[in-house]
Amino acid sequence: MTLINVWQNILNGLAVGSVYAIFAVGYTLIFSILRIINFAHGAVFTVSAYFTYLLTGSAINTNGTLHKLFTDGFGAPALPIKLPFVIALLVGGLLAGLVGMLLDRIAFRPLRQRGADPLLTLVSSLGVAVAMVNLIQYFFGAEIYSYPANPFGNIPAAVNFGTADTPVPVRTIQVIIFFVAIVIVIFLTWLINSTKLGKALRAVSEDAVTASLLGINTDRIIMFTFFLSAFLGGISGTLVGVSVGVAGPYFGITYGLKGLAVIVLGGLGDIPGAIIGGIVLGLAEAFVPPQFVAFKEAVAFLILFLVLVIRPQGILGRAAVVKV
Amino acid sequence: MAEFYTTYGFLITSMVLAAAMALSLYLPLMAGQLSLASPGFYAIGGYIAAVLSTQVFHPGPGPYPLYLVLIEMLVAALVSAALAVLVGVPALRLRGIYLALATIAFVEILRILSLNLPILGGAVGIFGIPQPFNTQGEYIWLGLPLLLIAMVFIYRLERTRMGRAFYAIREDETAADAMGINPTATKVIAFTMGAVLAGVVGVIAAHFLNTWNARQGTFDSSINYLAYVLIGGSWTVFGPVVGGLLLTALPEILRGLASFRFILFGILIAVGAIFFPQGIITPELLSRFRRGRQPGRPASGGQQASQTHGPAK
Amino acid sequence: MDQLSSTATIEPVTPGGEVVLEVRGLTRRFGGLVAVNDVAFDVREGEIFGLIGPNGAGKTTVFNMITGLTPVTKGSVALHGENITGLKPYQIAQRGMARTFQNIRLFGNLSALTNVEIARHTHTGSGIIAGVIGLPRARAEERLTRQRALELLALVGLADRAEEKARNFPYGDQRRLEIARALALQPKVLLLDEPAAGMNTGEKAELSDFIRRIRRDFDLTVLLIEHHVPLVMGLCDRIAVLDFGHLIALGAPEIVQRDRRVIEAYLGEGE
């Protein structure tokens, strides 16, 4: 393998890895505060991509119910607004955040109040994910959606990481995703470690009962956590949708499974770990030798299984001490 | 009656097989292990049947002999058991969500392997699997006995030494350890039982569905099985069966609602998890059926006196 | 303050009795914390041996190391001459050592009867298939298991509530149930972790009598952790005193209770 190939693989790995990473951050954030895996994260990731699409004033395909609804109401199968992409991205994320809060309120809070087994929360989140994905399909139809071209305006479509003679292009959107991942981690680390809100988050994560006895409104903190996780997940979903196209309502769910490998690899609940796990997985997939390329998809799950069996706390997690 | 069965034979047989798959998840759960590995063993069983019947056994013309199906079941049982021990011994040292994740990984690895192995037909899979019966409804002759045998087995198991060991581990693994029960060995036994059941169901399903590919036995199915158990009832043998029968029939019953049925299904799962944490069929419910209504008992602060879990008598 | 494995208190030798449990240099360290430091003692056959000390002295950690629940950093434990250090809890249970827990670890959702029947697992051996089918030998074994379990429940006065869920029992009964369960293991050595916690004076006296009785009837050696010093003084043949993980005294009760260090350790304990 030539040096250029290695470099290309590394860049591909980083690009794919950052996608995994930004998905995983919201996933692991919920786990770090609530010790649950929220399978609905994939659905939220997806729904935000659709929200943003609507907000850019783009058209809905004929198979979605919204097609008829909007045509009757607005005269055209689209929202009568046309926000610039970055605004639509943020508003879409905010809407996703609201959805996240709603999910907490209707699907997770009742379980918390009943002191339910985390397994039941898992199942509940699965049920919610199924319902949401099918709702999306009902409203939007199952076809591929693509965002309008040049969403970020007139910036070059690709960045050259090589030289003029041996160009190594990487699509600009992938570079953007990489930087967004870094920014998110820096933001979250700052939030959790240096703010009062972060302290409350950490208190709730350690011991929700004591935290509430100390005057922390745990329900509000948890709602905020869901909002934040969904907002970040939403932004991520839209960016990934721009990068690879929105392949259908199940677009986010497929990341959900690989996302499990990422968060376990990085350490369940560890936020920088989510980024590291994502990058490691991306690189691992990029360096699969050509003769095994058919098995590339299995790399994530092989890693997941091996990490669990050998070092369940992942790269950055601390080994749990079991008290007798 | 015959009319009903020709129309609904496929559905009824599917319901029965789903109930059996729910039991395959129930078995490790009795020992406190949430394993989502059943679809993997189901897929293996199906592939064994598919490969054996299309490429190895060459029976003459006419319906496929039942004794060959039984041989396939035996092979599937042995292979599933061996694989279950191999995978179970390292994986079952994990607890809770970690074990569930390891089993998810196992199923996905198997799925991707099966997509890419030529002998298994790659992405297209294997089709034209020979049929021992003429109609799909007749598969009930294989499915129902299997389900009943599994139910009786589990029902009896609960009242024996090993069943008690399962429950002990489910309740408190450390205390069970201190009372002389080998936790890993016991968990592997429970896991292997579930694997064998799933593998055998897979054999039946392969003939039933006539084709077999990597889409049989995926993470999605394990969600379904989990729902059958958690909603049907995770503390008695009848729970998963009721859950499997009911929740398989439900999308059909709701067929009139078109795309709403999956939305409803998802909502039902979430609602079930919230309001029926023990599932619908609970031990308390069962003992009320058995003994008739309880004579009025003074409530003692939410305690349920005289109700036992697990082996009743 | 560094104690070696021998202590300063001289113990009168208890006549007879071979050593059943031998603990040497037992140490438990995790992180930077040393919970148990170089503890050594022998327990002789038929003794009732007490392990006392202020809160946090490391008593339960010693129990956990002896029974295999907590890894041993240094040192060794031998049962009937066999080195059991590092064995898993079920292996140690199979060798005839049973225990109860400070925080009661019953199988809460199972009936009292089932709790006790479970502890007979090691001493029964019917195969799974034989049991499920209901072969005569398996059924006979089941009947015997049930009968023995009922006998033990009767011993602790719980036979009339055999089918009730363990977690519905009042606290004191749960402790007794835990002892019945431990006895079902047919142990030679019984470890009781704070068996009298939460009991009033009358109940404690009953417990003392009960422990003496089962020692005699079941031919046991008993090792018990207890907080309540008077109970221990009246019941135990010998006592070991722990403080901050160190063994500071070992010997007959009358001698130990006059040991200066023991008195100091307990000052402020309010016993």
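These numbers come from a predicted model, not from an experiment.

(A) The arrangement of the overall build of chain C in detail. Across its full length, chain C holds ten helices and ten strands. For the C-alpha atoms alone, the extent of chain C along its principal axes is close to 65 × 40 × 40 Å. The burial tally for chain C puts 56% of its 271 residues in the buried class. Excluding contacts between residues fewer than 6 apart, the proportion of contacts in chain C whose partners are at least 24 apart in sequence is 69%. By element, 51% of the accessible surface of chain C is carried by carbon and sulfur atoms, the whole surface being about 11400 Å². In chain C, which carries 32 positive and 33 negative side-chain charges, the distance between the mean positions of the two groups comes to 5 Å.

(B) Just the overall build of chain B, in detail. Scanning chain B from terminus to terminus reveals twelve helices and two strands. In chain B, the succession of α and β elements from N to C terminus is α-α-α-α-β-α-α-α-α-β-α-α-α-α. Across the 313 residues that make up chain B, the buried fraction comes to 60%. Within chain B, contacts between residues at least 6 apart in sequence are counted, and of these 78% link residues at least 24 apart. For chain B, the accessible area works out to roughly 12300 Å², and carbon and sulfur atoms hold 69% of it.

(C) Representation of the confidence of the model for chain B. Averaged over all residues, the pLDDT of chain B equals 85, while 90% of them reach at least 70. Per-residue pLDDT stays below 50 along residues 293-313 of chain B; that stretch engages in 33 contacts with residues further than four places along the chain or on separate chains.

(D) How the structure looks around the environment of Ile-248 of chain C. All names here are of chain C. You can see Ile-248 is positioned in strand β10 (residues 246-251). For Ile-248, a relative accessible area of 3% corresponds to the buried category. It is 7.1 Å that separates the C-alpha atoms of Ile-248 and Val-262, two residues lying 14 residues apart in sequence.

(E) The arrangement of the interface of chain B and chain C in detail. Across the boundary between the two partners, chain B contributes 37 residues, which contact 35 residues of chain C. Summed over both sides, the interface of chain B with chain C buries roughly 3200 Å², with 60% coming from carbon and sulfur. For the pair chain B and chain C, the number of links is three salt bridges. For Asp-172 of chain B, the salt bridge identified is with Arg-105 of chain C, shortest N-O distance 2.9 Å. A per-class count over the side of chain B that touches chain C returns 18 nonpolar, ten polar and nine charged.

(F) How the structure looks around the interface of chain B and chain A. The partner chain A presents 36 residues to the 34 residues of chain B that form the contact. For the pair chain B and chain A, the summed buried surface comes to about 3300 Å²; carbon and sulfur atoms form 86% of the total. The tally of links between chain B and chain A comes to zero salt bridges. Counting every contact that joins chain B to chain A gives two residue pairs in polar contact (both at pLDDT 80 or more). Every element with two or more residues in the side of chain B that touches chain A is listed here: α3 (66-91), α4 (96-116), α9 (219-232) and α11 (260-275) of chain B. Sorting elements by how many residues they give to the side of chain B that touches chain A places α4 of chain B first, with eleven residues. Among the residues making up the side of chain B that touches chain A, the classes are represented as 28 nonpolar, four polar and two charged.

(G) Geometry of the pattern of salt bridges. Taken as a whole and judged by the stated rule, the model has 26 salt bridges over all chains. Residues Lys-68 of chain A and Asp-72 of chain A are paired through a salt bridge, measuring 2.9 Å at the closest nitrogen-oxygen approach. Residue Lys-68 of chain A and its partner Asp-72 of chain A are located together in helix α3 (residues 65-74), separated by four residues, close to a single helical turn. Each member of the pair Lys-68 of chain A and Asp-72 of chain A is classed as exposed. The partner of Arg-238 of chain C in a salt bridge is Glu-47 of chain C, with the nearest N and O atoms 2.6 Å apart. Remark: Glu-47 of chain C occurs in the loop between β2 (33-44) and β3 (48-52) and Arg-238 of chain C occurs in strand β9 (residues 238-243); sequence separation between them is 191 residues. Exposure class is identical for Arg-238 of chain C and Glu-47 of chain C. Each is buried. Through salt bridges with shared partners, a single ionic network connects Asp-104, Arg-109, Arg-112 and Asp-219 of chain A.

(H) Highlighting the pairing of β9 of chain C. Residue and element names in this part refer to chain C. With six of six residues buried, β9 is to be regarded as a mostly interior element. Alternating residues of β9 divide into Arg-238, Ala-240 and Leu-242 and Ile-239, Val-241 and Asp-243, and every residue in both groups is buried. Where β3 meets β9, four bridges bridge the pair, whose relative direction is parallel. Pairing of Gly-50 across the sheet is with Ile-239, part of β9. Taken together, the five bridges between β9 and β10 define a ladder with antiparallel strand orientation. Following the sheet pairing, Ala-240 is matched in β10 by Leu-250. Here β9 folds back onto β10 in antiparallel fashion, the turn holding two residues, of which Phe-244 has a positive phi close to 50°.

(I) Spatial organisation of the sheet that holds strand β1 (residues 19-30) of chain C. All names here are of chain C. Spatial strand order, β2-β1-β4-β5: four strands in an open sheet with antiparallel pairing. If you trace the sheet from one side to the other, it starts and ends with β2 and β5 (82-83), each paired once. Relative to strand β4 (residues 74-79), β1 is paired through five bridges, and the arrangement is antiparallel. The residue bridging Arg-24 from the neighbouring strand is Ser-76, located in β4. Sheet strands in contact with helix α1 (residues 59-66) are β1, β2 and β4, and its direction is about 115° off that of β1.

(J) The arrangement of α3 of chain A in detail. All names here are of chain A. Among the residues making up α3, those that are buried are Leu-66, His-67 and Phe-70. Along the long axis of α3, the arc covered by the buried residues comes to 105°, so they all point the same way. Away from the buried face of α3 by more than 90 degrees, exposed residues Lys-68 and Asp-72 are located. On its buried side, α3 packs onto α2 (41-55) and α5 (118-140). Just downstream of α3, Gly-75 is the residue with a positive phi angle, here 85°.

(K) Region of interest: the sheet that holds strand β7 (residues 189-193) of chain C. Residues and elements named next belong to chain C. Strands sit in the order β6-β7-β8-β3-β9-β10 across an open sheet of six strands; the sheet is mixed. Of all the strands in the sheet, just β6 (97-99) and β10 have a single pairing partner and so form its edges. Taking each pair of neighbouring strands and ignoring which way they run, the sheet shows an average axis angle of 15°. Along the sheet, helix α6 (residues 171-184) makes contact with β6 and β7, crossing β7 at roughly 160°. Its contacts with the sheet put helix α7 (residues 201-218) on β3, β7 and β8 (221-225), and the angle it makes with β3 is roughly 135°.

(L) Broad picture of the packing of helix α2 (residues 38-56) of chain B against α9 of chain B. All names here are of chain B. Two numbers describe how α2 lies on α9: the axes approach to 8 Å, and their chain directions differ by 120°. Here α2 is positioned oblique relative to α9, judged by the angle of their axes. For the element pair α2 and α9, the recorded crossing hand is right-handed. Facing α2, whose interface residues are Ser-38, Pro-39 and Tyr-42, α9 presents Ser-221, Ser-222 and Tyr-225. The class makeup of the residues in the contact of α2 with α9 is three nonpolar, three polar and no charged.

Conventions and cut-offs
Numbers given for residues are sequential positions, taken from 1 along each chain in its written order. Both sets of labels track the order of writing: A upward for chains, 1 upward for ligands. Local features in a predicted model are, by the rule used here, given only for residues with pLDDT of at least 70; side-chain atom pairs are given and counted only at 80 or more, and totals for whole chains, interfaces and linings are based on all residues. Only hydrogens and water are set aside; all other atoms, that is, all heavy atoms of the structure, feed into the side-chain values. Starting at the N terminus, helices and strands are each numbered in turn, a helix being any DSSP run of H or I of at least four residues and a strand any DSSP run of E of at least two. Note on exposure labels: buried denotes an accessible area under 20% of the residue type's maximum, exposed denotes more than 50%, and partly exposed covers the range between, all computed with a 1.4 Å probe on protein chains only. The contact criterion used throughout is that any non-hydrogen atoms of two residues lie within 4.5 Å. Using the Shrake-Rupley algorithm and a 1.4 Å probe, accessible areas are obtained, with residue cover drawn only from the displayed protein chains. Under this rule, positive means Lys or Arg and negative means Asp or Glu; His and the chain ends count for nothing. The atom standing in for a charge is NZ when the residue is Lys, CZ when it is Arg, CG when it is Asp and CD when it is Glu. pLDDT measures the predictor's confidence residue by residue and takes values from 0 up to 100. Reported buried area values correspond to the accessible surface (1.4 Å probe) lost by two parts on association, with both partners' losses combined. Each reported salt bridge corresponds to a side-chain nitrogen of Lys or Arg within 4 Å of a carboxyl oxygen of Asp or Glu. Only Asp, Glu, Lys and Arg are considered charged in this grouping, and only Ala, Val, Leu, Ile, Met, Phe, Trp, Tyr, Cys and Pro are considered nonpolar; every other residue, Gly among them, is considered polar. Definition of a polar contact: a pair of N or O atoms within 3.5 Å, with one able to donate and the other able to accept a hydrogen when the atoms are protein atoms, and with sequence-neighbouring residues admitted only if both atoms are side-chain atoms. We treat two strands as partners when DSSP finds at least two bridges between them. Where helices are involved, their axes are fitted lines through C-alpha atoms of the stretch in contact, as for all axes, and angles between N-to-C directions lie from 0 to 180°. Regarding the arc, it is the one traced by the directions from the helix axis to the C-beta atoms. Comment on the angle field: the value is read as roughly parallel under 35 degrees, roughly antiparallel over 145, roughly perpendicular from 65 to 115, and oblique elsewhere. Helix crossings are classified by the rotation of the near helix relative to the far one: an anticlockwise turn of less than a right angle makes the crossing left-handed, while a clockwise turn makes it right-handed.

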